[in-house]
Amino acid sequence: MKSLTTALCALLGQSTIVLGQGYTNESEVPLYGLSPPSTHLGSGGSSARWTDAYARAQAIVAQATLEEKLNLTRGFAGQCVGNTGSIARLGVPALCFSDAPDGIRGNEFVSAFPAGIHVAATWDRDLMYDYGRALGDEYRGKGINVALGPVAGPLGRVVRGGRNWEGLSNDPYLAGAGMGNVVRGMQDAGVMANPKHWLLNEQEWRRNPGSLGESLSSNVDDRTLHELYVFPFMDGLKEGAVSVMCSYQRVNNSYGCQNSKMLNGILKTELGFEGFVLSDWGAQHSGVASANAGLDIVMPDAGYWGQNLTNAVNNGSVSTERATDMATRILAAWYYTKQDNGSFPSPGVYSNLQKHEPIDVQANHGALIREIGAAGTVLVKNVNNALPLKKPTFVYVVGYDAQVPASPWQNPSRYGGGYEVNFGWETLKGTLVTGGGSGSSAPAYVVSPFDAIRDRVVKDRGILRWDFESINPTPYVNADACLVFINAYASESFDRTSLTDEFSDRLVKNTAANCTNTIVVIHSTGIRTVDAWIDHPNVTAVLYAGLPGQESGHSIVDVLWGDVAPSGKLPFTIAKQESDYGHLLNGTVTFDAFPQQDFTEGLYIDYRAFDRDGDEPLYAFGHGLSYTTFEYKDLAVMSEEKTDTRPIPDPAVPVVQGGHPALWDVVAHVTCTVSNTGGVAAAEVAQLYVGIPSNDEFVTPVRQLRGFEKVRVEPGKMSTVTFPLTRRDLSVWDVKAQQWRLQAGSYKIAVGASSRDIKLEGSLEIAA
Ligand code: BGC
């Protein structure tokens, strides 16, 4: 009976709220809490802009035949990685979809921007917006309607997850700030943003079904789902994201693109999503079920739809309203982003094998890329004022990551194949500017660290020596500094097998053995542990330089020589050793036919876990040094009147896209001052951590990031920082009430320079 219900459930796209164990037989999988399929038709009620977009979309859809409507809901082969059909008769063009979140993939005369994780490391909302805007301008310039990003799924639960670098940090608040600003920037440029992957695609191993059986099922409880994984997407929705990509793997045992609870339930009903849900490529596993569960477009081909969907509507398995809703949502997104106004270019997306006129969309984005590259570089260690470098100087540059690879065509058979230039494939081959897979970009050029260092040394009349190959570089006793460049690669399709590699660790140790001022630069797709050499007395400085994009060398030189004081902060925790991450180090590797991945840790990933266990990280979440010093003072906490602790103050008010409007009410403010007490102008990221009152019903993490502001302060000057706190920021997800809820009691307020470097403490009282 159980088996029958489970099979039925999968067929209908229902989700089971279940913590499974690892099963070989479907009948063993327990079934709790069904979420029946429900259709949620878009209404356009979220804002005047949506209402107008819906009115226009409805006017066109009313004239379309069923076949014409459904022609918009499926993929066709074409110029772009995804192409819908058109309704030429009614002036509706085919839409073009393209990767990647950090720059247009597989194209020419486009820019390779820093990856998502690098943008997160800037902790700079303005740069996040500028990034989205510049990306959007490039997409629009190429006539690409939908940019497939930004990413907040994976969030980064699994430390070695292959795609964490595409996302915007494993903290939902920081990732949400990134999501919101990047979406707004992209859509201000007139391109449709596509936050992805909704939801819980937290590892690559068995993300898809295959010869071993079904895909992995990410099993999560309702509260964790909301407070961690849904949270950053809410910001993207609030900023008007017109599309969302559903994910490959199963969520609580039902496939992400046919999971009615996830699509119709949370996304479209609870969060009021007005736009369209797009399947990940090949992520559709049923026809009627996915349509009824809320999927609106299947990619890259007709999948289980096409003529089958027409038949399903004709025989009543899928309602006509639902078919109309799909087409309306797609066209409303098109109108919302004003792509109908005639000035939107036709797609100009070509492979390098086609002869064509160049369409140059780079503008002066190199300058922004350089700025973000430097702003997201994190200085974690700096003893004896090793940095900034003095001039003139004798610099010895070592390591494979300092130069561009001998040939960027290193592995044509790698995921995606073809044109993508992949700097740093499998480590050791060249400098790493992005990760691999569909999230990789196509740099117009790459300024390597060595190129930029050479230009700087020439300018300063210094001395330069280098060794890109040897694991044991020849010592230069007169070198003022030895700069070692190493990296850590990751890609879609694979999870990482280690956070380190033997070659790079030995290279650092061998260099340090002969050089008293060894400075290590790590280009990395995420967390890279450094226990093999961090305590070596000759390792004087360490920089996490992320995935900086095509201006890599310029960005790192700006920081090394102090033209820009470092201001990046870690968007994750660096543990003393890999094993400190416990069960979150690796994804779930199982050969079961119905593999289960239970999120048993609940809310406790990254710093939340370290804080719960009282474990000391090597470098805390939010850590990052500067070339100056800052003093924090004058903490003030002010609550507004809107602190009603009932689930939601006025449930009669309709939900708008992003959730109930009251969630975004500012219910308190925290302010403080930050003074620059050192000698150089620099930016500081003041961080606000909140301890939500914990009780028997709602046990809460010790502290959670709920505010940050980056301020540039001149030496001897002071800046006031304000952190607005919304109802959502201070709430827990109340599973029984199915609403966000403020807690009565004393909230701990902590402002600091990292999650473990708290400078000011106070409290916020919220009455019952
Ligand atoms: C990835 C998506 C990507 C799509 C199209 C999929 O394999 O998961 O993130 O947008 O391919 O390239």
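Conventions we followed
- Residues numbered from 1 in each chain as written.
- Predicted model: local features only at pLDDT ≥ 70, side-chain atom pairs only at ≥ 80, totals over all residues.
- Heavy atoms only, no water.
- Helix = DSSP H or I, 4+ residues; strand = E, 2+ residues; numbered from the N terminus.
- Rg over C-alpha atoms; globule rule 2.2 N^0.38 Å.
- Buried < 20%, exposed > 50% of the residue type's maximum accessible area, 1.4 Å probe, protein only.
- Contact = heavy atoms within 4.5 Å.
- Phe/Tyr/Trp six-rings, centres within 6.5 Å; stacked < 30°, edge-to-face > 60°.
- Near = heavy atom within 4 Å.
- Polar contact = N/O pair within 3.5 Å; in protein donor to acceptor, adjacent residues only side chain to side chain.
- Areas by Shrake-Rupley, 256 points an atom, 1.4 Å probe, with all protein chains shown as cover.
- Nonpolar A, V, L, I, M, F, W, Y, C, P; charged D, E, K, R; others polar.
- Domains from an automatic or database assignment.
- Pairing = 2+ DSSP bridges.
- Buried area = accessible area lost by both parts, 1.4 Å probe.
- Salt bridge = Lys/Arg side-chain N within 4 Å of Asp/Glu carboxyl O.
- UniProt positions renumbered as here; feature names shortened; annotations may be inferred.
- Patch = residues over 30% accessible without salt bridge, like charges linked within 9 Å, V, L, I, M, F, W, Y side chains within 5 Å.
- Axes fitted to C-alpha atoms, helices over the stretch in contact; angles between N-to-C directions.
- Parallel < 35°, antiparallel > 145°, perpendicular 65-115°, else oblique.
- Left-handed = near helix turned anticlockwise from the far one by under 90°.
- Core = buried A, V, L, I, M, F, W, Y, C linked by side-chain atoms within 4.5 Å.
- pLDDT = per-residue confidence, 0-100.

Engineer: What is the right way to look at the overall build of the chain in this model?
Structural biologist: Across its full length, the chain carries 16 helices and 27 strands. For a compact globule of 768 residues, the expected C-alpha radius of gyration is about 27 Å, and the chain comes in at 26 Å, within 12% of that figure. Burial statistics for the chain: of 768 residues in total, 64% are counted as buried. Put simply, 78% of the contacts in the chain that link residues at least 6 apart link residues at least 24 apart.

Engineer: Explain the packing of aromatic side chains here, please?
Structural biologist: A ring pair, where both rings are aromatic, is described by two values, the distance of the centres and the angle of the planes. Enumeration according to the criterion identifies 21 aromatic pairs in this entry. Taking 5.3 Å as the distance between ring centres and 85° as the angle between the ring planes, the aromatic pair formed by W198 and F233 counts as edge-to-face. On the criterion of sequence distance, the pair formed by W198 in the loop between strand 6 (192–193) and strand 7 (217–219) and F233 in helix 7 (residues 222–238) is long-range, its members being 35 residues apart. F233 shares its class with W198; the two are buried.

Engineer: Help me out: how do you make sense of the site of the ligand in this one?
Structural biologist: In the neighbourhood of the ligand, 15 residues make up the surrounding shell, with D99, R163, H197, D280 and E492 lying closest. In this structure, K196 approaches the ligand through a side-chain N or O atom, which is 2.9 Å from an oxygen atom. Y248 is positioned such that a nitrogen or oxygen atom in its side chain is 2.9 Å from an oxygen atom of the ligand. With the chains in place, 97% of the 310 Å² that the ligand exposes on its own is no longer accessible. Within the shell around the ligand, the residues separate by chemical class into six nonpolar, two polar and seven charged. Both domains that furnish three or more residues to the shell around the ligand are identified here as domain 1 (2–350) and domain 2 (365–584).

Engineer: Just to check I follow, could you spell out the sheet that holds strand 5 (residues 146–147) for this structure?
Structural biologist: Hydrogen bonds between backbone atoms are what pair the strands of a sheet, whose relative direction is either parallel or antiparallel. Taken in spatial order, the four strands line up as 3-4-5-6 in an open sheet, and their pairing is mixed. Each edge of the sheet is formed by a strand with only one pairing partner; in this case those strands are strand 3 (82–83) and strand 6. Alignment of strand 3 against strand 4 (residues 96–98), held across two bridges, turns out to be antiparallel. What sits directly across from N83, in strand 4, is C96.

Engineer: What's the story with the domain arrangement of the chain in this structure? I'm lost.
Structural biologist: How big an interface is tends to be stated in terms of the accessible area lost upon association of its parts. We note that the domain assignment places domain 1 (2–350), domain 2 (365–584) and domain 3 (628–766) within the chain. The centre of domain 2, based on its C-alpha atoms, is set 34 Å off from the matching centre of domain 3. Listed as interface residues are six residues of domain 2 and, on the opposing side, eight residues of domain 3. Summed over both partners, the interface of domain 2 with domain 3 buries about 410 Å², with 48% contributed by carbon and sulfur atoms. Together, A565, S567 and K569 form the three largest contributors to the area buried by domain 2 at its contact with domain 3, with a combined 91%. Our enumeration of links across domain 2 and domain 3 arrives at one salt bridge. Its salt-bridge partner being K569, residue E684 comes within 3.2 Å of it at the nearest N-O pair. At the boundary of domain 2 with domain 3, the tally comes to three residue pairs in polar contact (both at pLDDT 80 or more). Among the residues forming the side of domain 2 that touches domain 3, the class breakdown is three nonpolar, two polar and one charged.

Engineer: Would you explain the UniProt feature "domain: Fibronectin type III-like" (unreviewed entry) in the chain in this entry?
Structural biologist: Under the feature "domain: Fibronectin type III-like" (unreviewed entry), the UniProt entry names residues 684–755. Overall, residues 684–755 shows 0% helix and 62% strand. The separation of its end C-alpha atoms is 14 Å.

Engineer: Mind showing me how you'd approach a nonpolar patch on the surface here?
Structural biologist: A contiguous nonpolar surface patch, about 310 Å² in accessible area, is contributed by L212, V589 and F591. Within the element layout of this structure, F591 appears in the loop between helix 15 (552–560) and strand 18 (596–598).

Engineer: Help me understand the packing of helix 13 (residues 449–460) against helix 15, please; the structure alone is not making it clear to me.
Structural biologist: The axes of two packed helices give the description: the angle between them and the distance between them. Between helix 13 and helix 15, the shortest axis-to-axis distance is 7 Å and the interhelical angle comes to 50°. By the angle between their directions, the pair helix 13 and helix 15 is classed as oblique. Of the two elements, helix 13 crosses helix 15, and the hand of that crossing is right-handed. Across the interface between the two elements, P449, A452, I453 and R456 from helix 13 touch S552, G553, H554, I556, V557 and L560 from helix 15.

Engineer: Please explain the sheet that holds strand 19 (residues 630–639) as it appears in this structure.
Structural biologist: Pairing is antiparallel across the open sheet formed by three strands, whose spatial order is 19-20-23. Each having just a single partner strand, strand 19 and strand 23 (718–726) make up the two edges of the open sheet. On average, each strand axis in the sheet is tilted by 20° relative to the strand beside it, whichever way the strands run. Pairing analysis gives eight bridges linking strand 19 to strand 20 (residues 666–676), with the strands arranged antiparallel. Bridging across to strand 20, M638 finds its partner in H669.

Engineer: I would appreciate a short explanation of the side chain of E227 in the present structure.
Structural biologist: Take E227: it is sitting in helix 7. What E227 contacts, discounting residues up to four positions off in sequence, is P172, L603, V732, W733 and W740.

Engineer: Even after reading the chapter, I still don't get the pattern of salt bridges, so can you show me in this structure?
Structural biologist: A side chain of one charge can pair with a side chain of the opposite charge if their charged atoms are brought near each other. This structure, assessed with the given rule, holds 37 salt bridges. Close ionic contact of E492 with R163 constitutes a salt bridge, the shortest N to O distance being 3.5 Å. In this pair, E492 is assigned in the loop between strand 15 (481–488) and helix 14 (502–514) and R163 in the loop between strand 5 and helix 6 (172–188), connecting sequence segments 329 residues apart. No difference in accessibility class separates E492 from R163, as the two residues are buried.

Engineer: Please explain the nonpolar core as it appears in this structure.
Structural biologist: The nonpolar side chains of soluble globular proteins are, as a tendency, buried together. Of all hydrophobic cores here, the largest spans 122 residues; its most connected members are F97 and W198. Broken down by element, this core gets its largest block of residues, 10 residues, from helix 11 (residues 320–336). Discounting residues that sit within four places of it in the chain, W198 has contacts with V230, F233, V244, M245, C246, S247, M262, L263, I266, L267 and L271. Judged by nonpolar contacts, the second largest core, of 58 residues, contains A386, V457, L464 and A753.

Engineer: Help me out: how do you make sense of the confidence of the model for the chain in this one?
Structural biologist: Should pLDDT be low for a region, the predicted coordinates there are not to be read in detail. On average, residues of the chain carry a pLDDT of 91, and 91% of them reach 70 or more. Confidence drops under pLDDT 50 across residues 1–23; counting only partners more than four residues distant or on other chains, this segment forms 64 contacts. Of the regions scoring below 50 in pLDDT, residues 410–427 engages in 62 contacts with residues more than four places distant in sequence or in other chains.

Engineer: Before we go on, may I ask you to explain the environment of V191 in this structure?
Structural biologist: Secondary-structure assignment places V191 in the loop between helix 6 and strand 6. For the pair V191 and V146, spaced 45 residues apart in sequence, the C-alpha to C-alpha distance is 5.9 Å. Filtering out sequence-adjacent residues up to four positions away, V191 remains in contact with G136, Y139, R140, I144, N145, A147, M186, T337 and Q339.

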